[in-house]
Amino acid sequence: MRTSLLAIALLAATAALPAAAADVYTLDPNHTQIRFGWSHFGFSNMTAGFDSFSGELKLDPSDWTQSSVNITIPLDSVDSGVADFDTHLKSPDFFDTAKNNEATFKSTKVEKISDTKLKVIGDLSLHGITKEVVLDVTINKVGKHPMSGAEQAGFDATATVKRSDFKVDKFVPNVSDEVWIKISTETKKAG
């Protein structure tokens, strides 16, 4: 009887403890790419990316649904590899960086699909407009980095958005309304 009472007391004490908090990870700028692409009049499929971004992930690999993502991108860091085109992308025809130089993504929910797949639902704010976007995420690896020994987590994420939803609609439909986004990142545990 005494063993049973002790077991019940231990269970009750354990249940009263707060759940472990998710660990904070930051984007590794040297091993992160944020790219996007579109069809140009059906003749070519063009891509560009961003050279600057910051982000924080709160990760709980024991329960991915308790994780969250918060990313900020300065739009004037857009880089297509062609300086004149970058200037056009920054113009009022597209990002209008003089008025709206920041895009953000803040997750509102994380769904576990499998041991290596997640859906991250969140709010994408661009051009003064916020819309829900779903990222399809692959968990590449979580663990100690073999060179630095730091705790790291790596992911690939993809989504498709309609740029007209954000009033970035110049030349639609000849320049495709649908734009794919791909993020490949290594993140490092803070602290």
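**So, the overall build of the chain**
- For the chain, the count of helices and strands is two helices and 10 strands.
- Reading the chain from its N end, one meets helices and strands in the order α-β-β-β-β-β-α-β-β-β-β-β.
- Looking at the chain residue by residue over its 191 residues, the buried ones come to 36%.
- Carbon and sulfur atoms provide 54% of the accessible area of the chain, an area that totals close to 11500 Å².

**Quick look at the confidence of the model for the chain**
- In the predicted model, the chain carries a mean pLDDT of 90, and 90% of its residues have values of at least 70.
- Counted against residues more than four places away or in other chains, residues 1–19, with its pLDDT under 50, gives zero contacts.

**Quick notes on the packing of aromatic side chains**
- Scanning all chains against the criterion turns up seven aromatic pairs.
- Here the guanidinium or amino end of Lys170 rests over the ring plane of Phe171, the centre of that ring lying 5.4 Å away.

**A few points about the pairing of strand β4 (residues 68–74)**
- Taking every second residue as pointing to the same face, the buried face of β4 carries Val69, Ile71 and Ile73, while none of Ser68, Asn70, Thr72 and Pro74 on the other face is buried.
- Pairing geometry for strand β3 (residues 54–59) and β4, over five bridges, is antiparallel. If you follow Gly55 over to β4, its bridge partner there is Ile71.
- Bridging between β4 and strand β6 (residues 102–112) involves five bridges; their strand directions are antiparallel. Within β6, the residue paired with Ile73 across the bridge is Ala103.

**Structural notes on the nonpolar core**
- In this structure, Phe36, Phe50, Phe95 and Phe155 are the most contacted members of the largest nonpolar core, which totals 42 residues.
- Contacts of Phe50, omitting those with residues within four sequence positions, involve Ile34, Phe36, Ile73, Pro74, Leu75, Ser77, Val78 and Phe95.

**Things to note about unusual backbone geometry**
- Between Val172 and the following residue, Pro173, the backbone shows a cis peptide bond with an omega angle of 5 degrees.
- Along the chain, Pro173 turns up in the loop between β9 (151–162) and β10 (178–189).
- The phi dihedral of Asp96 is positive, around 50 degrees, even though this residue is not glycine.
- Positionally, Asp96 belongs in the loop between α2 (83–90) and β6.
- The buried category is assigned to Asp96, whose relative accessible area is 10%.
- A positive phi is found at His127, a non-glycine position, where the angle reads about 60 degrees.

Rules used throughout
Residues numbered from 1 in each chain as written. Predicted model: local features only at pLDDT ≥ 70, side-chain atom pairs only at ≥ 80, totals over all residues. Heavy atoms only, no water. Helix = DSSP H or I, 4+ residues; strand = E, 2+ residues; numbered from the N terminus. Buried < 20%, exposed > 50% of the residue type's maximum accessible area, 1.4 Å probe, protein only. Areas by Shrake-Rupley, 256 points an atom, 1.4 Å probe, with all protein chains shown as cover. pLDDT = per-residue confidence, 0-100. Contact = heavy atoms within 4.5 Å. Phe/Tyr/Trp six-rings, centres within 6.5 Å; stacked < 30°, edge-to-face > 60°. Lys NZ or Arg CZ within 6 Å of the ring centre and 35° of its normal. Pairing = 2+ DSSP bridges. Core = buried A, V, L, I, M, F, W, Y, C linked by side-chain atoms within 4.5 Å.

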